[in-house]
Amino acid sequence: MKFIKKALVAAAFATAAVSASAQEQFIPLLSYRVGPYADGGSGFFGGVIDYLSLVNASGGVNGVKLTWEECETEYNATRGVECYERLKKSHGGASMVEPLSTGIAYGLIDRVAQDKIPMTTLGYGRSDAADGRVFPYVFPLITSYWDQAAGMIKYLADKEGGFDKLKGKKIVHLYHDSAFGKEPFPVFEAYAKQLGFELIKLAVPHPGNEQQSQWLQIRQAKPDYVILWGWGVMNPTALKTAQRNGFPREKMLGVWWAGSEEHVIPAGDAAKGYSSMTFNTPGNYPLLDEIKKKVYAAGKGNMEDKSRIGSVYHMRGVTAGILWVEAIRKAQDKYGKGKVMSGEQVRWGFENLNVDEARLKALGALGMMPTVKTSCLDHEGSGAVKVQRWDGKAWKAVTPNWVTGDRAMIRKMVEESAAKYAAEKKIAPRDCSKEG
Amino acid sequence: MLYREAGQFKATYVEDSEIFPIRQDKFGIALILAAAFVGIPLLSVAGILADYTFTAILTPFLIFALATLGLNILTGYAGQLSLGTAAFMAVGAFASYNFMLRIDGMPILGAFILGGLCAAAVGIVFGLPSLRIRGFYLAAATLATQFFIVWVLTKVGWFTNYNSSGVITAQKIEMFGYTFDTAFSKYLFVLSVVTVMALLAKNMVRTNVGRSWMAIRDMDMAAEVIGFRPMRTKLLAFAVSSFYCGVAGALFAYAYLGTVEPEGFSLDLSFRILFMVIIGGVGSILGSFFGAAFIVLVPIFLNTFTGFLENTVGIGLPSGISSSIELMVFGALIIFFLIVEPHGLARLWQIGKEKLRLWPFPH
């Protein structure tokens with residue numbers, strides 16, 4: 001009985017998809033609005049939807065309207081894969097996918113290559129996917145974990161007054177004990193050897209709501225800086241425990257998953273002065289005003305709590321939206337303006353993105369995000385990050401300019417790791433000189 | 001009437017020791033297998049079923065059913081509560097990966113079996129506490145497995161071939177020169193493995209091995225008195241159960257996700273599989289399939305249904321609210337089924353069979 005019903009529903013869907021106008025560019029949204037990470041998911045996907053609504057309100061991409069359908073993944077890999085499989089062919093075919101979840105992204109890496117649908121992983125996922133020769137369909141746009149780690153060291157060096165000043169310093173890497181927390185190891189280790197600082201690695205077991213012993217060790221070690229590579233509840237706990245142990249938060253630097261309002265507000269007073277990485281500059285931009293004016297005023301805004309417009313996760317969603325729409329626009333430039341692009345064509349768009357300052361200015365988002373220029377070799381396109389500080393009420397940018405670490409060193413590591421993956425999977429890397 | 005075994009006489013020992021002694025059962029199983037192996041593929045060829053059905057619904061359902069079956073052997077038949085299922089799956093997946101990676105020309109099925117055996121070995125080690133403690137205390141002890149395995153897999157780079165992201169990427173499934181790379185072929189591959197293992201399990205639980213498990217489950221003191229060795233029996237249950245979970249984990253990585261991280265095999269997954277056992281029916285092979293179907297498919301169905309309401313009927317809810325409602329309905333359904341039948345869906349089916357036996361004359 002259930003099966004028949006399901007078949008009926010599926011059939012209804014299929015017909016609905018066919019009857020939907022062919023002039024629509026479909027984007028499946030693998031969102032999560034319930035479960036432990038709902039705060040991030042609702043902000044990010046809310047931002048994405050707000051931006052897509054804005055583009056539609058201004059007439060779409062060269063007249064092509066964007067359409068999307070949300071599917072709840074609960075941050076669960078099985079559910080995410082199911083959502084992807086369900087939506088990839090509906091509404092005339094998905095043009096891209098972004099799961100905002102490492103586990104789901106891993107489940108999709110093989111699938112997107114087979115289905116020829118590009119996947120973006122903004123600021124998470126495999127760092128080595130930046131090598132577009134081995135991962136033609138994966139785009140870790142703006143920055144990977146490795147570039148971010150390099151950016152952290154660069155920022156700390158600048159703060160001290162130069163790379164040579166880091167010699168003899170002590171830096172604690174306080175990390176979530178998982179693949180996520182260990183991802184920056186090679187970068188930190190390489191820098192520690194090169195610059196001569198002492199790296200102390202302290203693991204916090206998941207979920208991280210008890211860190212007294214780690215902070216006792218930190219107190220004994222008296223480090224110059226603590227890098228907080230945390231996730232979820234681990235972040236406010238770290239801040240509160242640091243306060244209890246009298247460690248100045250000004251000397252703590254968080255990964256960008258430890259740098260949103262949702263992480264510092266629960267820590268209350270303890271978060272004041274704490275800084276974290278980000279790839280958006282906090283603040284207000286003409287683009288956000290436009291969203292408020294054209295989308296929210298028309299009652300089409302996605303965020304229930306309007307004060308979250310422009311929050312870290314929301315802005316990250318808007319950033320993702322900008323890059324997606326620019327990729328579609330780029331693809332249209334090549335394959336025909338005003339036409340619906342296939343996944344493969346959008347992939348080309350992602351690979352040839354050039355979101356420069358002039359373009360950002362036209363969008364009203366100058367300074368909000370770094371410029372992005374991708375190529376067949378480089379699927380990341382930027383590598384720039386920013387540092388922001390929580391003043392107790394709002395995030396404020398600390399670095400006026402974008403910070404980039406040693407990109408040549410990171411690139412070498414990316415290529416080594418990607419080559420290993422290619423050898424394991426028996427993939428022949430693309431020859432980028434032959435790509436148009 | 002429909003389900004009456006009266007008049008089916010067994011004349012030989014062979015007949016008497018069949019896995020499905022009742023004709024209706026035999027017929028039913030044959031029908032299900034025919035549908036799964038022939039009917040569904042035909043529908044797919046005819047274009048009625050898309051890849052979606054195989055890769056997003058049937059394959060995960062079968063894999064979780066196999067894992068549930070593994071846990072059911074341990075918890076349902078041998079009475080040892082375990083919270084380490086996901087860890088055993090992880091051992092199976094990572095071990096198979098390493099066998100494939102490090103031994104040239106390793107056949108995929110060989111890697112799965114070796115992966116399962118590794119899981120079985122780990123199961124035996126972590127089953128040792130079961131000799132002294134039982135019930136909830138044992139569950140707490142098996143929690144150690146869960147955390148220890150995931151920790152080791154993240155800690156020791158060798159298991160992931162020193163991958164910088166700490167993940168493994170499953171190699172292609174190749175057999176006799178054929179590559180199982182489409183959704184449909186992967187489904188057939190998983191289906192074959194699960195069918196063979198489920199039939200083996202069905203057979204095993206009625207042999208002296210299975211009976212010794214049930215004896216231990218029902219009263220271990222009495223079982224010991226009548227001559228079952230608790231150590232051997234319990235550890236065998238851990239080994240067989242872990243073997244099943246290990247193979248399920250390998251399938252999960254190879255035929256479903258492709259790239260897996262140790263965190264994917266978290267305590268959450270262990271709990272989910274335990275719920276599948278409880279809802280499907282503790283101590284029932286068929287129940288494992290029911291339970292997996294319920295936990296895997298009902299949320300998908302609810303999600304499709306709310307999507308359907310929004311798209312066609314036009315009842316649009318803010319996205320956050322519809323997701324929450326789905327979760328609430330799912331929870332309510334679980335409670336409903338557990339109130340109606342605390343022994344799980346398998347028991348409902350059994351009651352149904354009994355009704356069918358009498359039908360249409362209820363007296």
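The model shown is predicted, which means the values in this text are computed figures rather than measured ones. (Residues numbered from 1 in each chain as written. Chains lettered and ligands numbered in written order. Predicted model: local features only at pLDDT ≥ 70, side-chain atom pairs only at ≥ 80, totals over all residues.)

Student: Give a detailed account of the nonpolar core, specifying residues and quantitative values.
Tutor: Residues and elements named next belong to chain B. Judged by nonpolar contacts, the single largest core of 229 residues is most densely connected at Leu66, Ala90 and Leu251. Among the elements that take part in this core, helix 10 (residues 230-257) stands out by supplying 19 residues, more than any other. The residues contacting Ala90, other than those within four sequence positions of it, are Ile149, Val150, Leu153, Gly249, Pro262 and Phe265. (Core = buried A, V, L, I, M, F, W, Y, C linked by C-beta atoms within 7 Å. Buried ≥ 20, exposed ≤ 12 C-beta atoms within 10 Å, placed from the backbone. Helix = DSSP H or I, 4+ residues; strand = E, 2+ residues; numbered from the N terminus. Contact = placed C-beta atoms within 7 Å.)

Student: Could you give an account of the interface of chain B and chain A, naming the residues involved and the relevant values?
Tutor: Interfaces are often sized by the accessible area lost when the parts come together. Residue-level contacts link 36 residues of chain B with 39 residues of chain A. Among the secondary structure elements, those contributing two or more residues to the side of chain B that touches chain A are helix 3 (51-77), strand 4 (259-260), helix 12 (285-313) and helix 13 (319-340) of chain B. Examining the composition of the side of chain B that touches chain A, we find that eight residues originate from one element, helix 12 of chain B, more than from any other.

Student: Mind laying out the domain arrangement of chain A, listing which residues take part and the relevant values?
Tutor: Residue and element names in this part refer to chain A. By the assigned domains, chain A splits into domain 1 (17-143 + 286-374) and domain 2 (145-278 + 387-404). Each of domain 1 and domain 2 was reduced to a C-alpha centroid, and the two centroids are 29 Å apart. Taken together, the elements giving at least two residues each to the side of domain 1 that touches domain 2 come down to helix 2 (38-57) and helix 12 (312-335). The residue makeup of the side of domain 1 that touches domain 2, split by class, is five nonpolar, six polar and one charged. (Domains from an automatic or database assignment. Nonpolar A, V, L, I, M, F, W, Y, C, P; charged D, E, K, R; others polar.)

Student: Lay out the packing of helix 3 of chain B against helix 7 (residues 183-204) of chain B in plain terms, naming residues and giving numbers.
Tutor: Residues and elements named next belong to chain B. For the pair helix 3 and helix 7, interaxial distance at closest approach is 9 Å and the crossing angle is 20°. Considering the angle they form, helix 3 stands roughly parallel to helix 7. Along this stretch, helix 3 crosses helix 7, giving a crossing that reads as left-handed. Of the residues in helix 7, those in contact with Asp51, Phe54, Thr55, Leu58, Thr59, Leu62, Ile63, Ala65, Leu66, Leu69 and Ile73 of helix 3 are Ala183, Phe184, Lys186, Tyr187, Val190, Leu191, Val194, Met197, Ala198 and Ala201. Classifying every residue of the contact of helix 3 with helix 7 gives 17 nonpolar, two polar and two charged. (Axes fitted to C-alpha atoms, helices over the stretch in contact; angles between N-to-C directions. Parallel < 35°, antiparallel > 145°, perpendicular 65-115°, else oblique. Left-handed = near helix turned anticlockwise from the far one by under 90°.)

Student: Provide a residue-level description of the sheet that holds strand 9 (residues 275-278) of chain A, including the pertinent values.
Tutor: All names here are of chain A. One open sheet accounts for seven strands, arranged 6-5-7-8-9-12-13; its pairing is mixed. The open sheet is flanked by strand 6 (198-204) and strand 13 (395-397), the only strands paired with a single partner. Across the sheet, the mean angle separating the axes of adjacent strands is 25° when strand polarity is ignored. Pairing between strand 9 and strand 12 (residues 386-390): four bridges, direction antiparallel. Residue pairing across strands places Thr278 opposite Lys386, the latter belonging to strand 12. (Pairing = 2+ DSSP bridges.)

Student: Give a description of the confidence of the model for chain A that names residues and reports values.
Tutor: All names here are of chain A. Of all residues in chain A, 95% have pLDDT values of 70 or greater, and the mean over the chain is 88. Mean pLDDT across the secondary structure elements of chain A bottoms out at helix 1 (residues 2-19), with 46, and peaks at strand 7 (residues 225-229), with 95. Every residue in residues 1-5 scores below 50 in pLDDT, and together they form one contact with partners more than four places removed in sequence or on other chains. Here residues 7-21 is a poorly scored stretch, pLDDT under 50, and it has 12 contacts once near neighbours within four places are set aside; other chains count. (pLDDT = per-residue confidence, 0-100.)

Student: Describe in detail the pairing of strand 5 (residues 170-176) of chain A, supporting the description with residues and values.
Tutor: Residues and elements named next belong to chain A. Most of strand 5 is tucked away, with six of its seven residues classed as buried. Here seven bridges tie strand 5 to strand 6, and the two strands are oriented parallel to one another. Bridge pairing links Leu174 to Leu202 in strand 6.

Student: Requested: an account of helix 7 (residues 185-195) of chain A, with residues and values cited.
Tutor: Residue and element names in this part refer to chain A. When helix 7 is considered as a whole, its buried residues turn out to be Val187, Phe188 and Tyr191. Projection of helix 7 onto a plane perpendicular to its axis shows the buried side chains occupying an angular sector of 95°, all on one side. Elements in contact with the buried residues of helix 7: helix 5 (145-160), strand 5, strand 6 and helix 15 (407-425). (Arc of directions from axis to C-beta.)

Student: Summarise the pairing of strand 12 of chain A; cite the residues concerned and give the values.
Tutor: All names here are of chain A. The buried fraction of strand 12 is high, at five of five residues. What you see with strand 12 is no split at all: Lys386, Gln388 and Trp390 on one side and Val387 and Arg389 on the other are buried throughout. Pairing geometry for strand 12 and strand 13, over three bridges, is antiparallel. Bridging across to strand 13, Trp390 finds its partner in Trp395. The hairpin turn running from strand 12 into strand 13, its antiparallel successor, is four residues long, and Gly392 in that turn takes a positive phi close to 105°.

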